[in-house]
Amino acid sequence: MDILIYLLKTNLCLVVFYGFYWVFLRRNTFFVANRFYLIGSILLSLCLPLIKVKHNYDFESSLPLTLNEISTEAIKSSFYTPIFANFNWIDLMAVTYLTGAALILTKVVFAFVKIYNLLINGDPLGEEETREGRNYWLLKSEGTVSSYSFFNFLILNRDDLYYNRSMITDHEEVHIGQWHSFDVLLLEFVQIFCWFNPLIGSYKQSLRQIHEFIADGIVTDEEKVSYAEFLFAYNFKANASSLSNNFFNDSLLKERIMMIMKERSPAWTKIKYLLIVPLLVVMGYFIVAKDIRRGDDALKPGTYIKK
């Protein structure tokens, strides 16, 4: 039952945090800030439900119940209602949840195997260095997949190696230098445990967009038109793996070109990020706080309460 409550709290946090991003932040061109917001919101969603802060403070008006103060007895009695002999709703939910998690885990393992095979079959071309000073291995692929990066590996297909090397390596080096593969793996990990939450797919899509927007940011104003034309003209190739940062992804093409051409957000719009503070306070209260005078741990009548 504790695991169920944890999953409910975690996914409630994910829904609220992503809703905030969708409403207030997604149209901003502060891509690095948006990336850290999304990653930070995921980590907070995983950690906040593990924390419980008990208090007994008095206020002029009573505070609303938090999730830690709602009695779980009624919930337990409902979930433990037998469906048929020796099998109740908790058992059904556990089987369904574990089956879904196993399927997603299998998908991730196959993605790892695919990218591993691509890496070991690539021809090493030597060690290079990103603008941030991070070393990576450059490999050549004889396949037809799009050029891509994965942690400190950059794999160019044969055509890109000879015709588009400079433009694509500059782009992919941003992915490597800023550890975008970490974000991808984090989302895959979260999806294994929260596969039933449809917003996980939205998180993944938004982070993929932000990764490409950040990497496209190396283009100067004078190069924008020619770079957009290059993206249109670039051959549509199959993506190497769901775990890799592929140079070309046709599902992101429109958004990438629109964002390349878009005027940068004015500095004053950064004030919207201050709204994260009250959001954290509210979410922290409802997820973490527990008034010990209410709920299962309520003090007995006549017990002295410090003020």
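Residues numbered from 1 in each chain as written. Predicted model: local features only at pLDDT ≥ 70, side-chain atom pairs only at ≥ 80, totals over all residues. Heavy atoms only, no water.

Regarding the overall build of the chain
The criterion, for reference: For the purposes of this entry, the term helix denotes a DSSP run of H or I that reaches at least four residues, the term strand denotes a run of E that reaches at least two, and both are numbered from the N terminus. Relative accessibility thresholds used throughout: buried, under 20% of the residue-type maximum; exposed, over 50%; partly exposed, between the two (1.4 Å probe, protein chains only). Here, two residues are considered to be in contact whenever any of their heavy atoms come within 4.5 Å of each other. Areas reported as accessible are Shrake-Rupley estimates using a 1.4 Å probe. Residue values count occlusion only from the protein chains shown.
Of the regular secondary structure elements, the chain holds 11 helices and 9 strands. Burial status across the chain gives 44% buried among its 307 residues. Of all intrachain contacts in the chain linking residues separated by at least 6 positions in sequence, the fraction that spans at least 24 positions is 72%. As displayed, the chain offers around 17000 Å² of accessible surface, 65% of which is attributable to carbon and sulfur atoms.

A few points about unusual backbone geometry
Within the chain, Phe151 stands out as a residue other than glycine whose phi angle is a positive 50°. Its place among the elements puts Phe151 in the loop between strand S6 (148-150) and strand S7 (153-157).

Details of the packing of aromatic side chains
Under the convention used in this document: Only the six-membered ring of Trp is used, alongside the rings of Phe and Tyr, when aromatic pairs are assigned; centres must lie within 6.5 Å, and planes under 30 degrees apart are stacked while those over 60 apart are edge-to-face, with the rest tilted. Two conditions define a charge sitting above a ring: the NZ of Lys or the CZ of Arg must be within 6 Å of the ring centre, and it must be within 35 degrees of the ring normal.
This structure, assessed with the given rule, holds 16 aromatic pairs. With a centroid separation of 4.9 Å and 40° between ring planes, the pair formed by Phe20 and Phe24 is classed as tilted. Here Phe24 and Phe20 lie together in helix H1 (residues 2-25), a separation of 4 residues that amounts to about one turn. By way of ring pairs, the aromatic residues Tyr18, Phe20, Tyr21, Trp22, Phe24, Tyr37 and Tyr203 are connected into one cluster. The cationic tip of Arg35 hangs over the ring face of Phe36; the distance from NZ or CZ to the ring centre is 5.5 Å.

Side note on the sheet that holds strand S5 (residues 135-141)
Where we set the bar: Note on pairing: two strands pair once DSSP finds at least 2 bridges between them.
The strand order S4-S5-S7-S6-S8 describes an open sheet built from 5 strands, whose pairing is mixed. The sheet is open, and its two borders are formed by strand S4 (123-129) and strand S8 (245-246), each paired with just one other strand. In this structure, S4 lies alongside S5, joined through 6 bridges in antiparallel fashion. When the sheet's bridge partners are listed, Glu128 is paired in S5 with Tyr136.

Quick notes on helix H6 (residues 165-177)
This is how it is decided: The span you would expect from a helix comes to 1.5 Å times its residue count less one.
Taking 1.5 Å per residue as the helical rise, H6 with its 13 residues ought to reach 18 Å, and the 17 Å between its terminal C-alpha atoms agrees with that figure. Taken residue by residue, H6 has Ile168, Thr169, His171, Glu172, Glu173, Val174, His175, Ile176 and Gly177 as its buried positions.

A few points about helix H10 (residues 253-261)
Here is the rule we go by: By definition, the arc is the one covered by directions from the helix axis to the C-beta atoms.
When we look at burial in H10, the residues that qualify are Leu253, Arg256, Ile257, Met259 and Ile260. Relative to the axis of H10, the buried residues are bounded by an arc of 165° and lie together on one face. Exposed residues pointing more than 90 degrees away from the buried face of H10 are listed as Lys254 and Met258. The elements touched by buried residues of H10 are helix H2 (31-47), H6, helix H8 (199-216) and helix H9 (224-233).

Structural notes on the pairing of S5
Burial analysis of S5 places 5 of its 7 residues in the buried class, the great majority of the element. Linkage of S4 to S5, two consecutive antiparallel strands, is achieved through a turn of 5 residues, within which Gly133 is found at a positive phi near 90°. By the bridge criterion, 5 bridges tie S5 to S7 in an arrangement that is parallel. Residue Leu138 lies in a different strand from S7, and its bridge partner there is Leu154.

Structural notes on the nonpolar core
Generally speaking, a soluble globular protein has its nonpolar side chains buried in company with each other. Put simply, the rule is: Each nonpolar core is a collection of buried residues, namely Ala, Val, Leu, Ile, Met, Phe, Trp, Tyr and Cys, held together in the definition by side-chain atoms within 4.5 Å.
One finds Tyr37, Leu38, Ile42, Val190 and Tyr203 to be the most contacted residues of the largest nonpolar core, which totals 34 residues. Listed by contribution, the elements that provide at least two residues to this core are H1, H2, helix H7 (180-193), H8 and helix H11 (276-288). In contact with Val190, other than residues within four places in its own chain, are Leu14, Ile42, Leu46 and Ile200. Core analysis: the next-biggest nonpolar cluster, separate from the first, contains 17 residues, Tyr136, Leu154, Ile176 and Tyr227 among them.

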